[in-house]
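Observations on the three-dimensional arrangement
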Amino acid sequence: MKSLATLCVALIAALSFTAPLVRAEDPPKPGETPKPATKEIVRLTEWPKPADKSQVLTDIERVCKAHIPEMAQQGHEGLLAEGGACVPFVLERYGRERDEAVQKRLFDVLLATTGAEHTRLLAKEFGSKYLPTRTFALWRAAQFPDPELRKDADAAWTRVSKQGDKADTEERYAAALCCASTGSIVGLPGLWDATNTPKEWDKKKNELRAALNGARGKEATAYVLAKLDDKADRKIKVCALRMLAACGDKDSAARVRPFLDDEDNQIRVAAINALRGIIDGDEPIENLSAFEAIELAKKWKSR
């Protein structure tokens, strides 16, 4: 067990970092919609120092080797106790690891030990030589919109885009997501390509809404409206309306309203939710029945 003195030294070191105070969202959990900002946090400029580096490395080995479940659990709990101080070491091992089961265990540690205070530090990994590290850093930073990362996110998108068809699909998506979260629209084609079917949107809807809200405005609206053609496939219409809910400006409401009369209930529901996001900034309503959608559409048309 670590001594109180050692823990105090680690705490003092962690609090000694200087960084601007910013408003940030509470960390969203997988499958949950990110909540509005509730507290002031510090965007760290240096990773905290581990109280015991050798113990961190030992715990990483326990998580990776996991000869027995108890070993992996002990390592996991030890790393969580270190918090952000273990992240640089876990990220490096995560990037080098090729065993998918081990990667998953390391991913779970990273998910539990990174948060909004680490976005500036994660940005330093956007150019890592390890693909998994780059992808995680971009994806995780996007969960906590930070406009200060725009230059770094755009650079990551440019680098990935130059690879064309050879680009890793997950890294391309993560870079696009991160760009949107900073207020940049350069990666919107990447988000569209990754989620232009309702099934794919459903898998990633929470992180997409959080990131796209950072890009809300005329430029993002113009990009999505170009997809919203009356003759487009119904799946394309639904996805365009869902994106507008997250990034559309109020002027786009006029283009959305006609879809309230669509006979396809999925399109009608998407239009209702688009207007909820565009006009009131409200979350979408899931699983609306046809009757409920018709009644809500009437109310929206009367507004």
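The end-to-end C-alpha distance of helix 2 (residues 53-65) is 18 Å, a good match for the 18 Å that 13 residues give at a rise of 1.5 Å each. Along helix 2, the positions that sit buried rather than exposed are V56, D59, I60, V63 and C64. Viewed along the axis of helix 2, the buried residues span an arc of 135 degrees, placing them on a single side of the element. Close packing links the buried residues of helix 2 with helix 3 (69-82), helix 4 (87-96) and helix 5 (100-113).

Let us look at the packing of aromatic side chains. Any pair of aromatic rings gets described here by the distance separating the centres and the angle formed by the planes. With the rule as written, the count across this model stands at four aromatic pairs. Centroid distance Y94 to F136: 6.1 Å. Interplanar angle 70 degrees. Geometry classified as edge-to-face. Taken together, the positions of Y94 in helix 4 and F136 in helix 7 (residues 131-142) put the pair 42 residues apart, joining distant regions of the chain. Of the two residues, Y94 and F136, neither departs from the other in class, the shared state being buried. Note on F107 and F136: the rings are 5.7 Å apart at their centroids and 90 degrees apart in plane angle, and the pair reads as edge-to-face. Separated by 29 residues along the polypeptide, F107 in helix 5 and F136 in helix 7 bring together distant segments of the chain. Taken together, the aromatic side chains of Y94, F107, F136 and W139 make up a single cluster linked through ring pairs. The ring of Y173 carries K204 above its face, with NZ or CZ at 4.2 Å from the centroid.

Where helix 13 (residues 234-247) meets helix 15 (residues 265-280), the closest approach of the two axes is 7 Å, and the angle between their N-to-C directions is 15 degrees. Taken together, the axis directions place helix 13 and helix 15 in an arrangement best described as roughly parallel. The crossing of helix 13 and helix 15 is left-handed. Of the residues in helix 15, those touching helix 13 at R234, K237, V238, L241, R242, L244 and A245 are Q266, I267, A270, A271, N273, A274, G277 and I278.

A word on the nonpolar core. L191, L212 and L241 are the most contacted members of the largest nonpolar core, which has 79 residues in total. When neighbours within four sequence positions are excluded, L241 is seen to be in contact with L228, V256, F259, I267, A270, A271 and A274.

In the Ramachandran plot, A66 falls in the positive-phi region, its phi being about 45 degrees despite a non-glycine side chain. Examined against the element boundaries, A66 turns out to sit in the loop between helix 2 and helix 3. Even without being a glycine, N287 presents a positive backbone phi close to 55 degrees. With respect to the helices and strands, N287 occurs in the loop between helix 15 and helix 16 (290-302). The exposure class assigned to N287 is exposed, which follows from its relative accessible area of 77%.

Moving on, we get to the side chain of R93. For R93, the position within the fold is in helix 4. When sequence neighbours within four positions are dropped, the list of residues in contact with R93 reads I60, E61, C64 and L106.

Contact geometry of helix 9 (residues 169-182) with helix 11 (residues 198-214) gives a least axis separation of 6 Å together with a crossing angle of 45 degrees. Here helix 9 lies oblique to helix 11, going by the angle between them. Residues Y173, L177, A180 and S181 of helix 9 form the contact with helix 11, whose own contacting residues are K204, E207, L208, A211, L212 and G214.

The next point concerns the confidence of the model for the protein chain. Scored by pLDDT, the protein chain comes out at a mean of 88, with 87% of its residues at no less than 70. Counting interchain partners and residues more than four positions distant, the pLDDT-below-50 stretch residues 1-27 has 51 contacts.

We now examine the environment of K124. Within the secondary structure layout, K124 lies in the loop between helix 6 (119-123) and helix 7. In sequence terms K124 and R134 are ten residues apart; their C-alpha atoms lie 9.3 Å from each other.

Definitions and cut-offs
Residues numbered from 1 in each chain as written. Predicted model: local features only at pLDDT ≥ 70, side-chain atom pairs only at ≥ 80, totals over all residues. Heavy atoms only, no water. Helix = DSSP H or I, 4+ residues; strand = E, 2+ residues; numbered from the N terminus. Expected span 1.5 Å × (residues − 1). Buried < 20%, exposed > 50% of the residue type's maximum accessible area, 1.4 Å probe, protein only. Arc of directions from axis to C-beta. Contact = heavy atoms within 4.5 Å. Phe/Tyr/Trp six-rings, centres within 6.5 Å; stacked < 30°, edge-to-face > 60°. Lys NZ or Arg CZ within 6 Å of the ring centre and 35° of its normal. Axes fitted to C-alpha atoms, helices over the stretch in contact; angles between N-to-C directions. Parallel < 35°, antiparallel > 145°, perpendicular 65-115°, else oblique. Left-handed = near helix turned anticlockwise from the far one by under 90°. Core = buried A, V, L, I, M, F, W, Y, C linked by side-chain atoms within 4.5 Å. pLDDT = per-residue confidence, 0-100.

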